[in-house]
Amino acid sequence: MNDHCVFCRIVAGEIPATRVLDHERVIAIRDVSPQAPTHILILPRRHVPGLAELPASDGLWNDLMAAVQQVVSIERLDQGFRVVVNQGDHGGQTVPHLHLHVLGQRALGWPPG
């Protein structure tokens, strides 16, 4: 845990959040500033600064993807959804803790950003 990381503090229960999933290695919470009618953040419980810092051999990626599938089912995103991972300042990452955005329940344009 990183004491200065807002997502680590959410995982630890120090900051309240509306949890959608709560698993051994990941949690999913509702975004406090949603960019779509459904906007869920999927966070690893352990502090990983970003996708670039997660080794390809780490099974955490599989846990994150399984959580995406569960969130899609829970939220009934049958018409489609988008999964976004921001990395670094130029990629739009505002919290240096790996997290996936699951957005849905509206048409999402392309290109993003």
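Residues numbered from 1 in each chain as written. Predicted model: local features only at pLDDT ≥ 70, side-chain atom pairs only at ≥ 80, totals over all residues. Heavy atoms only, no water.

J.: So what's going on with the overall build of the protein chain? Residues and values would help.
T.: If you tally the helices and strands in the protein chain, you get two helices and five strands. Secondary structure elements of the protein chain occur, N-terminal to C-terminal, as α-β-β-β-α-β-β. A compact globule built from 113 residues would reach a C-alpha radius of gyration of about 13 Å, and the protein chain, at 14 Å, matches this within 12%. Principal-axis analysis of the C-alpha atoms gives the protein chain an extent of 35 × 30 × 30 Å. Here the protein chain holds 113 residues, and the buried ones make up 38% of them. On the protein chain, roughly 6700 Å² of surface is accessible, and the fraction owed to carbon and sulfur atoms is 51%. Computing the positive centroid from 9 side-chain charges and the negative centroid from 11, the protein chain places the two 5 Å apart. (Helix = DSSP H or I, 4+ residues; strand = E, 2+ residues; numbered from the N terminus. Rg over C-alpha atoms; globule rule 2.2 N^0.38 Å. Buried < 20%, exposed > 50% of the residue type's maximum accessible area, 1.4 Å probe, protein only. Areas by Shrake-Rupley, 256 points an atom, 1.4 Å probe, with all protein chains shown as cover. Lys, Arg positive; Asp, Glu negative; His and termini not counted. Charge placed at Lys NZ, Arg CZ, Asp CG, Glu CD.)

J.: Explain the environment of L41 to me, using residue names and the numbers behind them.
T.: Along the chain, the position of L41 falls in strand β3 (residues 38–44). Residue L41 is classed as buried on the basis of its relative accessible area of 5%. Measuring from C-alpha to C-alpha, the distance between L41 and P16 comes to 14 Å, with 25 residues separating the pair along the chain. Excluding its chain neighbours within four sequence positions, the residues that come into contact with L41 are F7, I27, A28, I29, D31, H99, L100 and H101. (Contact = heavy atoms within 4.5 Å.)

J.: Which residues make up the nonpolar core, and what values do they have?
T.: Grouped together as the largest cluster of nonpolar side chains are 18 residues, with contacts concentrated most on A28, I42, L64, V71 and V102. The element contributing the most residues to this core is helix α2 (residues 60–74), with six residues. With residues near it in sequence (within four places) discarded, L64 still touches V26, I42, L43, P44, L98 and L100. Counting ten residues, the second-largest nonpolar core is a separate cluster that includes I27, L41, L43 and V95. (Core = buried A, V, L, I, M, F, W, Y, C linked by side-chain atoms within 4.5 Å.)

J.: Lay out the pattern of salt bridges in plain terms, naming residues and giving numbers.
T.: By the definition in use, this model includes seven salt bridges. D58 serves as the salt-bridge partner of R46, at 2.2 Å between the closest nitrogen and oxygen. Note that R46 is positioned in the loop between β3 and α2 and D58 in the loop between β3 and α2, a separation of twelve residues in sequence. When its relative accessible area of 17% is taken as the criterion, D58 is described as buried. When salt bridges that share partners are traced, they join R25, R46, D58 and D63 into one network. (Salt bridge = Lys/Arg side-chain N within 4 Å of Asp/Glu carboxyl O.)

J.: Describe in detail α2, supporting the description with residues and values.
T.: Taking 1.5 Å of rise per residue, the 15 residues of α2 would be expected to cover 21 Å, and the 21 Å separating its terminal C-alpha atoms lies within 8% of that figure. Restricting attention to buried positions, one finds in α2 the residues L60, L64, A67, V68, V71 and V72. The arc that holds the buried residues of α2, viewed along the axis, is 140°, so those residues lie on one side. Those residues of α2 that are exposed and aimed more than 90 degrees away from the buried face are N62, Q69 and S73. On the buried face of α2, the contacting elements are β1 (19–22), β2 (26–30), β3, β4 (81–84) and β5 (100–104). R76 sits one or two positions beyond α2 and adopts a positive phi of about 55°. (Expected span 1.5 Å × (residues − 1). Arc of directions from axis to C-beta.)

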